[in-house]
Amino acid sequence: SFLGNRVNVGCAGKMQKGNEDSRDEDVLYHLPYANLERHHDSDNVVVPEVFHEGRATHLKSLDEYKKLYEESIADPAGFWSNIARSFYWKEDFPSATACTYNFDLNVGPIAINWFKGGKTNICYNAVDRQVENGLGSKVAFHYEGNDLEDEHRDITYEEVKDEVCRVANSLKEMGVKKGDCVCLYMPMVPELPIAMLACARIGAVHSVVFGGFSAEALAGRIFDAKNNVVITCDGVMRGKKLIELKKVADEAAKLSQARGHNVGHKLVLQRLGPEKCKVDFVEGVDHWWNEMVKPQSTVCEPEWVDAEDPLFILYTSGSTGQPKGILHTTGGYMVYSATTFKYAFDYQPEDVFFCTADCGWITGHSYVTYGPLLNGASQVVFEGVPNCPRPDRLWRIVEKYRVQQVYTAPTAIRALMVAGDKYVKGTDRSSLKILGTVGEPINPEAWNWYFKVVGDERCPVVDTWWQTETGGHMILPLPIPGLHMKPGAASLPFFGVVPVILDEDGNEVDGEGQGFLMVKKPWPSTLRSISGDHERMQDIYFSRFKGYYMSGDGCRRDKDGYYWLTGRVDDVLNVSGHRIGTAEVESALVLHPAVGEAAVVGIGHDIKGEGIYAYVTLMNKFQPDDDLKKELIQYVRKEIGPIATPDVIHFAAAVPKTRSGKIMRRILRKIANEGSKVDKDGLGDVSTLADPSVVEALIETHAN
Ligand code: WTA
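Residues numbered from 1 in each chain as written. Predicted model: local features only at pLDDT ≥ 70, side-chain atom pairs only at ≥ 80, totals over all residues. Heavy atoms only, no water.

The name an unreviewed UniProt entry gives the protein chain is Acetyl-coenzyme A synthetase, with Rhodosorus marinus as the organism. One UniProt comment on the protein chain, placed under Catalytic activity (unreviewed entry), says "acetate + ATP + CoA = acetyl-CoA + AMP + diphosphate". Turning to the protein chain, the UniProt annotation filed under Sequence similarities (unreviewed entry) states: "Belongs to the ATP-dependent AMP-binding enzyme family." (UniProt positions renumbered as here; feature names shortened; annotations may be inferred.)

1. What to know about the site of the ligand
Inspection of the region around the ligand gives 17 residues, with Asp 463, Thr 464, Thr 468, Asp 553 and Arg 568 positioned closest. One of the backbone nitrogen or oxygen atoms of Glu 440 is found 3.4 Å away from a nitrogen atom of the ligand. In the environment of the ligand, a nitrogen atom lies 2.7 Å from a nitrogen or oxygen atom belonging to the side chain of Asp 463. For the ligand, whose free accessible area comes to 530 Å², the fraction covered by protein is 95%. Elements represented by at least two residues in the shell around the ligand include exactly helix H12 (362-374), strand E21 (461-464) and strand E27 (563-568). Within the shell around the ligand, the residues separate by chemical class into six nonpolar, six polar and five charged. (Near = heavy atom within 4 Å. Polar contact = N/O pair within 3.5 Å; in protein donor to acceptor, adjacent residues only side chain to side chain. Areas by Shrake-Rupley, 256 points an atom, 1.4 Å probe, with all protein chains shown as cover. Helix = DSSP H or I, 4+ residues; strand = E, 2+ residues; numbered from the N terminus. Nonpolar A, V, L, I, M, F, W, Y, C, P; charged D, E, K, R; others polar.)

2. A few points about a negative patch on the surface
Residues Asp 625, Asp 626, Asp 627 and Glu 631 make up a contiguous surface patch of negative charge. As for its position among the elements, Glu 631 is in helix H19 (residues 626-639). For Glu 631, a relative accessible area of 44% translates into the label partly exposed. (Patch = residues over 30% accessible without salt bridge, like charges linked within 9 Å, V, L, I, M, F, W, Y side chains within 5 Å. Salt bridge = Lys/Arg side-chain N within 4 Å of Asp/Glu carboxyl O. Lys, Arg positive; Asp, Glu negative; His and termini not counted. Charge placed at Lys NZ, Arg CZ, Asp CG, Glu CD. Buried < 20%, exposed > 50% of the residue type's maximum accessible area, 1.4 Å probe, protein only.)

3. Describing the sheet that holds strand E20 (residues 434-438)
Taken in spatial order, the seven strands of this open sheet run E6-E5-E18-E17-E19-E20-E21, and their pairing is mixed. Edge positions in the sheet fall to strand E6 (153-156) and E21, since each of these pairs with one other strand and no more. Here the strands of the sheet are splayed against their neighbours by 20° on average, with no regard to which way each runs. For strand E17 (residues 352-355) and strand E18 (residues 378-382), the ladder comprises three bridges, and the chain directions are parallel. Opposite Phe 353, over in E18, you have Gln 379 as the bridge partner. Sitting on the sheet, helix H6 (residues 157-173) is in contact with strand E5 (139-144) and E6, with an inclination near 80° to E6. Strands E5, E17 and E18 of the sheet are contacted by helix H13 (residues 393-401), whose axis makes an angle of about 140° with E5. (Pairing = 2+ DSSP bridges. Axes fitted to C-alpha atoms, helices over the stretch in contact; angles between N-to-C directions. Contact = heavy atoms within 4.5 Å.)

4. Quick look at the UniProt feature "domain: Acetyl-coenzyme A synthetase N-terminal" (unreviewed entry) in the protein chain
Within this structure's numbering, the places UniProt gives as "domain: Acetyl-coenzyme A synthetase N-terminal" (unreviewed entry) are residues 65-126. The span residues 65-126 is 39% helix and 16% strand, and its two end C-alpha atoms sit 26 Å from each other.

5. Some details on the side chain of Gln 296
Relative to the helices and strands, Gln 296 is located in the loop between helix H10 (289-292) and strand E14 (305-306). Within the structure, Gln 296 has its side chain in polar contact with the side chain of Glu 173 (distance 2.7 Å). A distance of 3.1 Å separates the side chain of Gln 296 from the backbone oxygen of Met 292, its partner in a polar contact. Contacts of Gln 296, omitting those with residues within four sequence positions, involve Arg 166, Asn 169, Ser 170 and Glu 173.

6. A closer look at empty space enclosed by the protein
Any empty space left between the atoms is revealed when a probe the size of a water molecule rolls over them. Under the criterion given, the structure shown has four cavities of 30 Å³ or more. Quantified by volume, the second largest cavity comes out at close to 60 Å³. In terms of lining residues, the second largest cavity is bounded by Asn 121, Ile 122, Ala 200, Gly 203, Ala 204, Val 305, Pro 310, Leu 311 and Thr 330. Counted by class, the lining of the second largest cavity contains six nonpolar, three polar and no charged residues. (1 Å grid on protein atoms, 1.4 Å probe; cavity = no way out; pocket = protein on both sides within 12 Å on 5 of 7 lines; lining within 4 Å. Points joined across faces, edges and corners; volume = space filled by probe spheres on them.)

7. Details of the packing of aromatic side chains
For the structure on display, the rule yields 39 aromatic pairs. Consider the rings of Trp 523 and Tyr 549, whose centres lie 5.6 Å apart with planes at 75°: the pair is edge-to-face. Remark: Tyr 549 occurs in strand E26 (residues 549-557) and Trp 523 occurs in the loop between strand E24 (513-519) and strand E25 (529-530); sequence separation between them is 26 residues. Residues Trp 523 and Tyr 549 agree in their burial class; the two are buried. Clustering of aromatic rings is evident, with ring pairs tying together Tyr 65, Tyr 69, Phe 79, Trp 80, Tyr 336, Tyr 343, Phe 494 and Phe 495. The ring of Phe 213 carries Arg 221 above its face, with NZ or CZ at 4.4 Å from the centroid. Here the guanidinium or amino end of Lys 486 rests over the ring plane of Tyr 562, the centre of that ring lying 4.6 Å away. (Phe/Tyr/Trp six-rings, centres within 6.5 Å; stacked < 30°, edge-to-face > 60°. Lys NZ or Arg CZ within 6 Å of the ring centre and 35° of its normal.)

8. So, the nonpolar core
Counting residues in hydrophobic clusters, the biggest one holds 194 residues, and the most contacted among them are Phe 115, Leu 171, Ile 231, Phe 495 and Leu 589. Apart from the residues within four sequence positions on either side, Leu 171 is in contact with Val 176, Val 182, Ala 198, Cys 199, Ile 202, Val 229 and Ile 231. By size, the runner-up hydrophobic cluster in this structure holds 20 residues, among which are Ala 652, Met 664, Leu 668 and Leu 689. (Core = buried A, V, L, I, M, F, W, Y, C linked by side-chain atoms within 4.5 Å.)

9. Here we look at the packing of helix H18 (residues 582-590) against H19
Orientation of H18 relative to H19, taken along the N-to-C sense of each, is 115°, at an axis distance of 9 Å. For H18 against H19, the interelement crossing comes out right-handed. Contacts from Val 585, Ala 588 and Leu 589 of H18 reach H19 at Leu 632, Tyr 635, Val 636 and Glu 639. Considered class by class, the residues forming the contact of H18 with H19 number six nonpolar, no polar and one charged. (Left-handed = near helix turned anticlockwise from the far one by under 90°.)

10. Description of the pairing of E27
Within E27, six of the six residues are buried, leaving the element largely enclosed by the surrounding structure. When E26 meets E27, the two strands line up antiparallel, connected through five bridges. The residue bridging Asp 553 from the neighbouring strand is Arg 568, located in E27. In textbook terms, the turn of a hairpin is the stretch between consecutive antiparallel strands, and for E26 and E27 this stretch comprises five residues, one of which, Gly 561, has a positive phi near 80°.

11. A look at the sheet that holds strand E9 (residues 229-233)
An order of E13-E12-E9-E7-E8-E15-E16-E25 is seen for the eight strands of this open sheet, with the pairing classed as mixed. The open sheet is flanked by strand E13 (286-288) and E25, the only strands paired with a single partner. Two strands pair when backbone bridges link them, and strand E7 (residues 181-184) and strand E8 (residues 205-208) are joined in this way by four bridges, in the parallel orientation. Counted as the bridge partner of Leu 184 is Val 208 from E8.

12. Let's talk about the packing of helix H8 (residues 215-225) against helix H9 (residues 245-258)
Relative orientation of the contacting elements H8 and H9 amounts to 55°, with a least axis distance of 8 Å. Judged by the angle between their axes, H8 and H9 are oblique. Between H8 and H9 lies a crossing of right-handed hand. Taken together, the residues of H9 that come into contact with H8 (itself represented by Ala 215, Glu 216, Leu 218, Ala 219, Ile 222 and Phe 223) are Val 248, Ala 249, Glu 251, Ala 252, Leu 255 and Ser 256. Taken together, the residues of the contact of H8 with H9 break down into nine nonpolar, one polar and two charged. (Parallel < 35°, antiparallel > 145°, perpendicular 65-115°, else oblique.)

Here is the structure:
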């Protein structure tokens, strides 16, 4: 929870002042637990020739990529303006302000502007323009429901346009105006991207909250963004689980009201119906989608907004207990999400694209809602989970819709790999052209399985490194004839991206080497701010090393100039491709009456990539036992959501601290990962430990 009146926010312990302090010790210092195997150049795989045979690939050769890349760096404003002008602008942007920025806090506040002064509308470009260009009857969404028996709907661009306008008119009826922020708490149904587009159409800002977040987490986001309207759904089945979204939204609205912010309206899509999912309804506040949206006009003039007007905020975890609302604006995000989609997936007009991400994450924003539609693409929108009812589900979908590009996360690949090849082999994947991955470093074993078993060695694997903050792909092996792919390497920068590696002293590392991954110049979809707190955004991303954007990731550059991501350098975990702040989990734990102090670190996990390991010290009168463990795990799930479920609770008499009271996470991380096998002499500098016996005790009580 990160609501304002909770004093222990961001606090590891009840008794101490707070872990803003206790975190100083090694935030942004620790080298990540890299689980990448050592790479041999013999492992390189050249983009298979069958991929480009008979295909009009956008990039024909490495030289073409290099030429375009160099142009994009030499003249970013010119490079991106040319692309921007292939979109519709109600009023063109002045070339002089195509790109103006300050990236250096020494000079002044951080400011990033692309195409400022131009007037456009991203919804118009994604939807109306496709219809005007003759794609009205083309399928925008192949909707595949959770259950195999579910009705599968195809929705054309024309139909998307009509529904977007109806929703947009409904939003207006509920009083939403340009600049207002609307919360979307929905499952992965076509109405979710449609609702996002409806907001954009009228110049409202959307804040999508992943449907797996708890009432507490949702309330925090509603409160922070001051949403007056929440769009939700009665409930949904994800795999075999019922998720009662409306109930959670009601609870969140109550929690928000208790803190002084009132939600005025809820628009509720009926997905399951009263037999499967009953909901409470409050007259005048709750509105059924069918009753409110259906009768609306299909005409709704787009609001022509400035390129720098906000498009959306999306909350993500950082190293404090409080998720931050990353702000993206209209023009730059439009241009960049569309362009990365086109090149990363080599999208061609007949292709069917399939991204498994939920729109609750940035991947769903850029590569379900905006990138594909801005390119007039057909895509699969999948409500369910990859292994339900069986681990062949994804490949069955590929077969059914003749999918060309599939885009998923290493955690899903690993889970399907473990389930066995037979689930893949029994399906027809001959339509596939490209295999995309995102969210965390992909281990070479999973890479090879994806390449060999899923793609039959015919398809390039496009491993895309990027972030909520970057809006679109930053580093990736573009599917280019002749390109060497290195399993596990995010590889090369996209157009306009200038990655820099800094050592601990802030010196740029030339050639081979490793350190902090930074970006030297703004790209069009650079985050603009943190909603309501520009200073915090400057602190987090621009203050430690001046003149660069700090990604928070560690990185290595090899002799060929390929980038290898080694993991986060701050206290953010990456669990199944989802970012979770250790401080968020700690804050949740210490709210429980039994918990005196909590310290959370990441551990290696075969499927999830990283798991959550929580050291917990108990208040005096509580006994450490299995029931309490279970209770604490449930407690975190309730406070944040199932994605934050701790894998291990380690009851500890005390956690190691420096004499000034700071928790030594470096040691905790090592013990969590290595258990009783930990090399006591390899714990690094322990001279600042207040009580060395604490470490011994932890090793003895380790769960392994
Ligand atoms: C990690 C997801 C290695 C990284 C788009 C980053 C990756 C964080 C990769 C962002 C990748 C994402 N290789 N690491 N291909 N993609 N990451 O904001 O640590 O949910 O900082 O955006 O995920 O997560 P976010």
